[in-house]
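Chains, contacts and geometry: an overview
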Amino acid sequence: MLALLMAAWALPGSEGLAASTSSPEPQVVTPVRVADYVYSDAEMPPQRGWRQAAVPLIDLYDTPRAAAPRVMWVRFRFDAGRSAGAGQATATMAWTAAYMSERFRFFLNGREIYRNYSDPAELPMSTFKPQIVALPAASLRPGMNDVAIRLESDKLYTLGVSRMEIGPGAAIRDIYDWRYVTQFQGVLVSNSMLGVLALFATLLWLRRRQDMTLGWLALLGSLWFVRNLRYYYETPPIPIDLYWHIQINLIFAMMAVFYCFAARFLEIRNRRLWTMVSLGIGATAIISQLVLTSLGISDVVSHLLVVPLSLAILVVFGRATLISPKPENVAMFVASTMGVASALHDFGMGMKVWTGAHFALLPYAGVVIFLVFAFALGRRLIDALGTVENLNAILEDRVAEATSELERSQKQIRELEIAVALERERERIMREMHDSVGSNLISALAIAEHGVASDNTVATLRRSLTDLRIAVDSLEQVDGDITPLVASFRHRMEPELAAAGWRFEWRVEDVPPLSWLDSANALHVLRILQEALSNSLRHSGGSIVKLALQSDARAGTPGIAILIADNGHGLPNPRQAEAPSHRGKGQSNMQARAHALGAQLSIANGKHGGTTVSLWLPLHRGDSGPASIG
């Protein structure tokens, strides 16, 4: 890019490219320095009202034309013989311009020979491309020739012509090619590079969202890339006035983000306040531009705000370089200086203060600034990684010393946990033996001592044995699968049902495992099922009992339902005089166990008679540890 700039500044102007080595006669490129202009929406060159002005004639910051016509005519004259050179009056001639505002029509000696659009409704945005028009030899006169250009814009601004030259076709083509590469094609390549870099920075920031320095850099590159998208198309995708408002205000947004990045990278005190002030200044500049243009006033004032803001950037990075002359700080100061110089160059070229390099430098400077800032941020990250490596080396020794001590402590903790778990399990088994098996054995002993029929004794002892086996079954490893647990319950209880003349009907579906089901909770489930089955045998007066296991979601919560239903006479009506006034102790124990499981238990009459006990168990619960009841 530096070589390109040096070549552009070294050239004395368009004349520097005028000579063509292929022609034996000197070919003269004539720059158009003075032209006449008039505002008129006429379709052919007007006859009156012309005023003379110097070229470039760029009406960029004059009073906005809120009403029609937004059409400008520009005319000038040239000597075909002098431009073609001695003996070359019939040579091919051409005209070129650095850029044109919007669409235009080119007239030679009162005859239209070129227009840069084909559809009358189309409004191409050709501001950033050079233009070239071949002049037909049949339309040229031997002496003076008249050129008229009709420019039409749909924007509030930008009516006028840039630097123009006319002369031999080969020499004009050289000028055109040079301009096309420097002011258009080179910008496309540079901005494409900037877009890739901005995308890469954005992806890095998404992985490290806590690093706002990287985030501001990604945003700055993205804004710069978006602003230069105007080089990629000729017709804006949105209304042209709105499009130019966005293009102008993107500059202020970029300046604000620039300061926010500097505040984070340079670790300025009160960074949050600095960031708020920077964003506030950017918003103020944007609002002032919108207000001025809405009032029909030139927005040059809001553009002038860029100058002090740009100089303030140099002060910020210059001060940081003086305090800490690190390579990254120096590089950022140099890049910022280049960016500010490019901005002033482009601003002055637009204001007709100078012609400069004839093309915008800021798109090229954007890539350089982004790369330098990325380099500075990368160096800081590398330094941080080096510090981390040194800390890791120090910590490795401490970790090695603590590892052996931690292993010893963990071994002691595991031994203690095993001892505590064994003690708890032993206490649980003893409590179950005392509450169920012990109680039944005491009853059997009392029956035997009083000489009660041996059938009752045998039945009581059998129930005791069943209780004992169920308690032992609960100790089996179930891994959350309730199906084998229920199957084991059926295996234990079916002989007792058959001996009492009952028929057992079994309906089990595939159900998901319960993450919280351990041995303690498994025993709660078995005791609830055992009590429900015992109540059916003793009180229902039926002959068939059904056990079902199925998936069941309640109130949007997934779970499993276990149903035990008999064909007996059902629960008594609570309104009947002979109905009990309160639930028995068995049902209270069942509810207590269901509460310990975090489950829902309901006992009700079935739709077709009999009693149905429903135990609903959630698939997941907050406390999956062992549950107990008093």
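Examining the overall build of the protein
- Within the protein one finds 14 helices and 17 strands.
- The proportion of buried residues among the 630 residues of the protein is 44%.
- Excluding contacts between residues fewer than 6 apart, the proportion of contacts in the protein whose partners are at least 24 apart in sequence is 74%.

Considering the nonpolar core
- Grouped together as the largest cluster of nonpolar side chains are 39 residues, with contacts concentrated most on Leu266, Phe317, Met332 and Phe373.
- Breaking this core down by element, the ones donating at least two residues are helix 3 (169–207), helix 4 (212–227), helix 5 (240–265), helix 8 (306–323), helix 9 (327–350) and helix 10 (362–449).
- When residues of this core are assigned to their parent elements, the largest contribution, 11 residues, is made by helix 5.
- Excluding its chain neighbours within four sequence positions, the residues that come into contact with Met332 are Phe261, Phe265, Phe317, Val372, Phe373 and Ala376.
- By size, the runner-up hydrophobic cluster in this structure holds 34 residues, among which are Phe489, Met493, Trp516 and Leu617.

A word on the environment of Asn145
- Position of Asn145 among the secondary structure elements: in strand 10 (residues 144–152).
- In the structure, Asn145 is positioned 64 residues away from Gly81 in sequence and 10.0 Å away in space, judged by C-alpha atoms.
- Setting aside residues up to four positions removed in sequence, Asn145 forms contacts with Phe76, Arg77, Phe78, Ala80, Leu108, Asn109, Ser139 and Leu140.
- A distance of 2.9 Å separates a polar atom in the side chain of Asn145 from a polar atom in the side chain of Asn109.

Overview of the confidence of the model for the protein
- Summary statistics for the protein give a mean pLDDT of 77 and a share of 73% for residues scoring 70 or more.
- Ignoring residues within four places in sequence, the model shows residues 1–26, a span with pLDDT below 50, making 41 contacts including any to other chains.
- Low confidence marks residues 86–90, where pLDDT is under 50. Its contacts with residues over four positions away, or in another chain, come to three contacts.

Points about the sheet that holds strand 13 (residues 503–508)
- Judged by pairing direction, the sheet is mixed, and its five strands sit side by side in the order 13-14-15-17-16 without closing on themselves. Each edge of the open sheet is held by one strand with a lone partner, namely strand 13 and strand 16 (600–605). Put simply, the sheet's adjacent strands are angled 10° from each other on average, direction ignored.
- Bridge analysis of strand 16 against strand 17 (residues 611–618) gives six bridges, and the strand direction is antiparallel. Note that in strand 17 the partner of Gln600 across the bridge is Trp616.
- Sheet contacts for helix 13 (residues 519–540): strand 13, strand 14 (544–551), strand 15 (559–566), strand 16 and strand 17; angle to strand 15, the most-contacted strand, approximately 20°.
- Along the sheet, helix 14 (residues 585–597) makes contact with strand 16 and strand 17, crossing strand 16 at roughly 145°.

Section: the sheet that holds strand 10
- Strand order in the open sheet formed by six strands is 3-2-5-10-7-8, and the pairing between neighbours is antiparallel. Two strands in the sheet have a free side with no partner beyond their single neighbour: strand 3 (51–54) and strand 8 (111–115). Averaged over all neighbouring strand pairs, the angle between strand axes comes to 30°, with direction disregarded.
- Strand direction decides the pairing type here: strand 7 (residues 103–108) and strand 10, joined by six bridges, are antiparallel. Residue pairing across strands places Phe107 opposite Ala148, the latter belonging to strand 10.

Let's talk about helix 12 (residues 482–499)
- Taking 1.5 Å as the rise per residue, helix 12 with 18 residues should run 26 Å; its terminal C-alpha atoms sit 26 Å apart, in good agreement.
- When the local axis directions of helix 12 are compared, the greatest deviation, roughly 35°, occurs at Met493, which is followed within four positions by the proline Pro495.
- If you check which residues of helix 12 are buried, you get Ile482, Leu485, Val486, Phe489, Met493 and Leu497.
- Trailing helix 12 by a residue or two, Gly501 shows a phi angle of about 85°, which is positive.

Quick look at the packing of aromatic side chains
- Counted under the stated rule, the structure contains 10 aromatic pairs.
- Geometrically, the ring pair formed by Trp95 and Phe106 is tilted, given 4.9 Å between the ring centres and 45° between the ring planes. Pair noted here: Trp95 is in strand 6 (residues 93–97) and Phe106 is in strand 7, with a separation of 11 residues, a long-range link.
- The exposure class of Trp95 is buried, given its relative accessible area of 0%.
- One aromatic cluster is present, built from ring pairs that chain together Trp95, Phe104, Phe106 and Tyr114.

A word on the packing of helix 4 against helix 5
- One can describe the packing of helix 4 onto helix 5 by two numbers: an axis separation of 9 Å at closest approach and a directional angle of 160°. Classified by the angle between their axes, helix 4 and helix 5 sit roughly antiparallel to one another. Read as a crossing pair, helix 4 and helix 5 show a hand that is left-handed. Along the contact surface, helix 4 presents Met212, Thr213, Trp216, Leu217, Leu219, Leu220, Leu223, Trp224, Val226 and Arg227, while helix 5 presents Gln247, Leu250, Ile251, Ala253, Met254, Val257, Phe258, Cys260, Phe261, Arg264 and Phe265.
- For the contact of helix 4 with helix 5, the per-class residue count stands at 17 nonpolar, two polar and two charged.

Considering the pairing of strand 15
- Summarising burial for strand 15: six of the eight residues are buried, a large majority.
- As paired strands, strand 14 and strand 15 are joined by seven bridges and run antiparallel to one another. Bridged to Ala548 within strand 15 is Leu563.
- The pairing of strand 15 with strand 17 spans seven bridges and is classified as antiparallel. Bridge assignment links Ala561 to a residue of strand 17, and that residue is Trp616.

Notes on unusual backbone geometry
- Put simply, Val55 and Pro56 share a cis peptide bond, and its omega is 10°.
- Checked against the element boundaries, Pro56 lands in the loop between strand 3 and strand 4 (57–58).
- The phi dihedral of Asn109 is positive, around 55°, even though this residue is not glycine.
- Structurally, Asn109 can be placed in the loop between strand 7 and strand 8.
- With phi around 55°, Ala555 is a residue other than glycine that occupies positive phi space.
- Secondary-structure assignment places Ala555 in the loop between strand 14 and strand 15.
- Looking at Ala555, the relative accessible area reads 87%, which means it is exposed.

Considering the pattern of salt bridges
- In total, this model carries 17 salt bridges according to the counting rule given.
- With its nearest N and O atoms 3.3 Å apart, the salt bridge here joins Arg75 to Asp36. In this pair, Arg75 is assigned in strand 5 (residues 71–79) and Asp36 in strand 2 (residues 34–39), connecting sequence segments 39 residues apart.
- A salt bridge links Glu112 to Arg105, with the nearest nitrogen and oxygen atoms 2.9 Å apart.

Concerning the pairing of strand 8
- Pairing geometry for strand 7 and strand 8, over four bridges, is antiparallel. Among the inter-strand pairings, Arg105 is bridged to a residue of strand 8, identified as Arg115.
- Hairpin connection from strand 7 to strand 8: two residues lie between these consecutive antiparallel strands, with Asn109 at a positive phi of about 55°.

Reading the values: the criteria
Residues numbered from 1 in each chain as written. Predicted model: local features only at pLDDT ≥ 70, side-chain atom pairs only at ≥ 80, totals over all residues. Heavy atoms only, no water. Helix = DSSP H or I, 4+ residues; strand = E, 2+ residues; numbered from the N terminus. Buried < 20%, exposed > 50% of the residue type's maximum accessible area, 1.4 Å probe, protein only. Contact = heavy atoms within 4.5 Å. Core = buried A, V, L, I, M, F, W, Y, C linked by side-chain atoms within 4.5 Å. Polar contact = N/O pair within 3.5 Å; in protein donor to acceptor, adjacent residues only side chain to side chain. pLDDT = per-residue confidence, 0-100. Pairing = 2+ DSSP bridges. Axes fitted to C-alpha atoms, helices over the stretch in contact; angles between N-to-C directions. Expected span 1.5 Å × (residues − 1). Bend = angle between axes of the 7 residues up to and from the residue. Phe/Tyr/Trp six-rings, centres within 6.5 Å; stacked < 30°, edge-to-face > 60°. Parallel < 35°, antiparallel > 145°, perpendicular 65-115°, else oblique. Left-handed = near helix turned anticlockwise from the far one by under 90°. Nonpolar A, V, L, I, M, F, W, Y, C, P; charged D, E, K, R; others polar. Salt bridge = Lys/Arg side-chain N within 4 Å of Asp/Glu carboxyl O.

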